[in-house]
Structures are given as structure tokens and as C-alpha cells.
Amino acid sequence: MTSDRNCIPPPAYRWHRALLVVAVLTVLALGSWELTAQLQPGKPLREVVTHALTLDPLAPLSAVFAPDS
Amino acid sequence: MFFVVVILAFLLAIAAYTAFCGLAVLFVLLPGLVLLVPLGVAAGVALAGVTAVATLLGLKSWRPRTVGPDEVVQGTAGLSDPRSGTHFDRDWAWPSYLAAQWLVDLKSAWSKGREATDASWEHLNNAVGRLSHPGWWWPLLAVPYAACAALTIGVTAAGALLTVIHLLVLFPIWMGWLLLGSTLRSVDALTQRTRGATASCPRCFYITTLPSFECPSCHRIHHDIRPGRLGVMWHRCGCGWRLPTMVVRAAQQLPVRCPRCESTLYKGAAALTDVRVPVFGPTSAGKTRLIAAGLVALSATATASGSDLSCIDDDSQQAFQDATELLRRGADTARTPASQAPPPVTVQLTTSRRHRAVLHLFDASGDLYSARESNAELEYLDHAQGMVLVVDPFSLPSLRQQSVGTRGSLLTVPKPVAADPEQTYQVTAQRLRDFGVTTSHQRLAIAVVKADLLADLPVPEDMRPTPDNVRAWLIDNSLDHLVLTAERDFSEVRYFLVASQDQPVADAELSPALPFLWLLRCSGIALSPKHLIGEHK
């Protein structure tokens, strides 16, 4: 009864995983970008860490949905 | 003197060790902490990210366990038990990613990250364990321990962040999935309820709104095709075949099976209006003849009204052909064997408004209706929307007396029936009550047959065959108790005078199709004008 196709997950598995990979890579890339921008010669590391902890992850969404005014 | 030297040496050693510790803290520990802790955290974040991506991509050593159809059947997929409508285990099908696999992927990514940090701690502990007095080296050993701790913190923090991202990405998909799934289930149930659609098995007489479906590829039976954890729009069979969800969709595309005996049901079962009509009465009353003539007349009526009648299986097709031939030749109907309840004659009706319905006509030997003990197996009686009681007028003593001396009486009066219709009715009604059937929700058509033979008698000459006249005639001929009891038991009783002959549609007043047309109309299938079946225009 079990055929070779039994071992192959349906395409929906791949689509969901691809979406998650894109989301993870996007967050990692944005985080690296932000970190690189903050890491400047002579800037205390404490300030970088403090800045990172005060980042609002929903800021891009807030900017998109904010009223024009 | 020796004692003083020892004390001085001891103090010198302490001073030297303190100096070593101070120098190590100053030049190794502090720079190491400043450098390695951020690097460790960054490495932990990177490790968590790489692990998550590698797990989701299914790379070789990161590939998570796949939740497949076998796990679903065995109950190890993490799905909840089926709750309503079915008593079977879950079907051999792939679960939706949103139902099980997402959690396995997430747990797998976490465990891979933890394995990496555990390995780093293990290596460090092994290396430190090889030192003779590791405690003495604490200013130096604190650096790798701090780096390992930073790595663990980085992996944990990034893992938590990625879990939140995972959930944030999946949450709107879950919402859509739940909304679509519940909507489709509601549409499915509502469509079935509106149409009066059920699946009825011709073998075991089981009635259900949730039939089983056979995979066209591997022939595996799927017992619950409704949208759910195995898929919203489609179920993917374990063999890979894509099955449409919703009963009303699947019934049009997949082979339908009875969930109780796994007999093959007609295409469209549980998606089309299903009307079940048992025809009962005493032996030789004319039940089989009424069904045969009624089928032929129904076909003619359907054609005349722009509708269509077609047989749904080979047995029914054969029965229809036999009925047509029988009526054409004017031959007598063979007696129905009393061994068991035969399968119904099933026809599909498509009205001019494209409303499709399936009509099952159940015929069984009158012997099975003669005693309470013999009708226990007639399960189809319990699920009928309406029933037809066949009354042979020549079984009534008063009519037989009136026929004596009438023109042609010896030739036209058929052989009398064995039992009177009231006894058959009482036995059948008792059976329904014993099995908990609410007859007050059912309709009963009482069909007085052999109207063509009554034409030679004086009784019905001035009687038009309207329901009221037939009712009055039955009361006048000693069946008043039957009439009163039937009207008390059933929600509605209607009376018909029919001639089970092959007659043109124009002669519809005595058409053998009338009882069936009335019951069909009560189920929402209108094939004929209202006035023909005794309703007002």
C-alpha cells in the first residue's frame, strides 16, 4: 500500500517552510544591518547594546499603517 | 630556622599566585570577557539562525522528522482525536503543515541548537577535567566558560526570537486556515441540510450524511473527508493522490462507500436530495405492480414536464426495463420472494430547474409485513421520509359482496388478498414505534389500487378520485379505524385511487405515479402540477 510517494511530503510543507525561511533570513539580515550601522569605531559597546534592546520590532509596520498626518 | 624558611616560601608562593591571578585577570580574563562574550553571543545568534534555516530547508543532518500518514493513523502525529460525526480513527492522509509539522520543525530547530551548546559545554568540561587542579587556573578557565555561557545565551535568545517570528508568520495563516475550514464545513452541512441530502446504503440500509470515499489511486477508504486537520481544500491521501474536501464536492468526484458495510453507493450520495419511500401492504395487494407502474408513469411525467428520470444502477435499470415490458404485455406481476428485503429500485430525477434528487422505492414481500417478528430486518422503514400503504379494494368484504352479480365480476375481480390492510398497517406502525421512529414527522400515502377493475362496479361510478372522496370511500367500507389511526400517527396522510397500468400521462387522475409525486413534492421535488396530487393550484 505504501508507495514511494509516501516519503515525499506534500508541496504545502515546502511552501510553509520556504515562507518561514524567508522570514528568519529577513530578520537576521535586518538585525545584522542594524548592528553594523550601530557598530562605529570609538562608540561604546554599551550604547550599541542599549540601542538594540530599545528597538521596536513593529516599527516598520507602524510606519506603514500610520496616518499620513 | 627551617620553619621560618617554610613560612617565607609559603608567603612567597601566595604572593606569586596572587600576582599571577591579578595579571591573568588584568591581561586575559577582562580582555577575554570583553572580546569573547559579545562574540559568543553573536555566534549563538548565528548558530540559532543557521540551525533554524537548515532545519526548515531539511538539510541532511538537520532534517526534522516528517509527520506522515502512518503517524496520523497510528495516532502519533500529535493530532487530537476526531470529535464529531465519525467513530473511525483518522484517515491515512497527510496532515496539514499547520496541524502538526510546524511544531515538529520548531522543536527540531530548538533541539539542534541545544545539541550544539551542549556539545561545546561537554568539550570544555572534558578539557578542564584533564587538568590536575583546574581550580587553580580559574582566571584563565573563566574565559572559555564565559564564552560558552555567552554562546548558550545567544542561542537561547535568538531561539526565542525565532520562535516568536515563527508564530508571527504562522498566526495569520492559522487564522485564515481556521476561518476557511469552518466556513467550508458550515457550507457543506448547510448545503446538505437545504437539499435534504443523505447517503443511503441499498445493502445495509444505513443512512448517513458523512459517507466514506475511496481514493481513486490506492483504493484506500477515507472516512472523514470534511475540511480539518488533514487539509482544508484538499486531503492528500498517503499515496499522494489529492482528494477534494467537503462531502458535496467529494461525492461528485470520488467513489462513495457506505461507512458501515463499505458497499459502493451511487455517485452523488450525500450531495443530492435523497428520498426514501417504502411501499408496504398485505400479500398480493399490488405493491410490486404499483412500483413498476409508478416508475413508468413517473418517467413519462418527468419527460412531459421537461425533467429527466434515469436509473442509477444496473439493478434498477433492469427493474425499470422489466416494469416497462410487464406493463406493455399486460402480464401479471410475479410474487416477491419473502426471503429477505430486496435492494431498492433507485432512480435519479433532474427537474427542469436542475434540482437533482434520488428516489429509492423499497419493495418487500407482504409476508414480511404480516407479523411483528418478521419485519425487524426492514431497517429502511425507520429512515423513510414518507411511506405508501397499498390497499387492495377487493380485500374489503363489503366490496366483494357488491361485486357479486355485477357485469363481468367473475372475470374482473382478482384473487383476494390474504390479510386485510388494517392489520398490515398496525403491524408496521408497531414496528416503527418499537424502534423509536417518530412517525409524526413522516407522511403516509394510502393508495387504493386496481382502480381499473373498480370501473366495472357500481360503487365508484359517481366518485371522482380526489383525496377526500377516497378517504370517505375507505371509511364507508369499514376502514374508518385505519383512517383515524393513520391520521393520528403520521404528520400528513393523503389518499389516492390509482390504476397500476401502462396509461398515458393525460389520464393522470388514476396515475400510479401520484403517491410518489406527492411524496417527492413534500421533499422539494416538483415534477407535476399541484392539483394532480390533490393540492390547490
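Residues numbered from 1 in each chain as written. Chains lettered and ligands numbered in written order. Predicted model: local features only at pLDDT ≥ 70, side-chain atom pairs only at ≥ 80, totals over all residues. Heavy atoms only, no water.

## Notes on the overall build of chain A
Part 1 of the reasoning: A tally of helices and strands in chain A yields three helices and zero strands.
Part 2 of the reasoning: Secondary structure of chain A in N-to-C order comes out as α-α-α.
Part 3 of the reasoning: Burial statistics for chain A: of 69 residues in total, 16% are counted as buried.
Part 4 of the reasoning: As displayed, chain A has an accessible area near 5400 Å², and 69% of this comes from carbon and sulfur atoms. (Helix = DSSP H or I, 4+ residues; strand = E, 2+ residues; numbered from the N terminus. Buried < 20%, exposed > 50% of the residue type's maximum accessible area, 1.4 Å probe, protein only. Areas by Shrake-Rupley, 256 points an atom, 1.4 Å probe, with all protein chains shown as cover.)

## Section: the packing of aromatic side chains
When we look at a pair of aromatic rings, we describe it by the centre distance and by the angle of the planes.
Part 1 of the reasoning: Enumeration according to the criterion identifies twelve aromatic pairs over all chains in this entry.
Part 2 of the reasoning: Residues Tyr-13 of chain A and Tyr-97 of chain B carry aromatic rings whose centres are separated by 5.6 Å and whose planes lie at 75° to one another, so their mutual orientation is edge-to-face. Here the residue Tyr-13 of chain A occupies a position in helix α1 (residues 11–38), and Tyr-97 of chain B occupies one in helix α3 (residues 97–129), the pair thus bridging two chains.
Part 3 of the reasoning: What makes Tyr-97 of chain B buried here is its relative accessible area of 1%.
Part 4 of the reasoning: Ring centres of Phe-205 of chain B and Tyr-380 of chain B lie 5.1 Å apart, and the angle between their planes is 75°; this geometry places the pair in the edge-to-face category. With a gap of 175 residues between them, Phe-205 of chain B in the loop between β2 (199–200) and β3 (207–208) and Tyr-380 of chain B in the loop between β12 (356–363) and β13 (386–391) connect regions that are remote in the sequence.
Part 5 of the reasoning: Look at Phe-205 of chain B and you get buried, because its relative accessible area is 8%.
Part 6 of the reasoning: Classification of Tyr-380 of chain B by relative accessible area gives buried; the value is 2%.
Part 7 of the reasoning: Grouping aromatic residues by their ring pairs yields a cluster made of Tyr-17, Phe-20, Trp-136 and Trp-137 of chain B. (Phe/Tyr/Trp six-rings, centres within 6.5 Å; stacked < 30°, edge-to-face > 60°.)

## Considerations on the interface of chain A and chain B
Part 1 of the reasoning: In this complex, chain A contributes 21 residues to the contact, which on the side of chain B involves 32 residues.
Part 2 of the reasoning: Summed over both partners, the interface of chain A with chain B buries about 2300 Å², with 74% contributed by carbon and sulfur atoms.
Part 3 of the reasoning: Applying the counting criterion to the chain A and chain B interface returns one salt bridge.
Part 4 of the reasoning: The residue Asp-105 of chain B makes a salt bridge to Arg-17 of chain A at a minimum N-O spacing of 2.8 Å.
Part 5 of the reasoning: Remark: the boundary between chain A and chain B carries three residue pairs in polar contact (both at pLDDT 80 or more).
Part 6 of the reasoning: The element that contributes the greatest number of residues to the side of chain A that touches chain B is α1 of chain A, accounting for twelve residues.
Part 7 of the reasoning: Among the residues forming the side of chain A that touches chain B, the class breakdown is 15 nonpolar, four polar and two charged. (Contact = heavy atoms within 4.5 Å. Buried area = accessible area lost by both parts, 1.4 Å probe. Salt bridge = Lys/Arg side-chain N within 4 Å of Asp/Glu carboxyl O. Polar contact = N/O pair within 3.5 Å; in protein donor to acceptor, adjacent residues only side chain to side chain. Nonpolar A, V, L, I, M, F, W, Y, C, P; charged D, E, K, R; others polar.)

## Description of the environment of Arg-488 of chain B
Part 1 of the reasoning: Residue position: Arg-488 of chain B is located in helix α12 (residues 467–489).
Part 2 of the reasoning: In the structure, Arg-488 of chain B is positioned 49 residues away from Thr-439 of chain B in sequence and 9.5 Å away in space, judged by C-alpha atoms.

## Looking at the pattern of salt bridges
Part 1 of the reasoning: On inspection of all chains with the given rule, the structure shows twelve salt bridges over all chains.
Part 2 of the reasoning: One salt-bridge network, held together by shared partners, links Arg-433, Arg-488 and Asp-489 of chain B.

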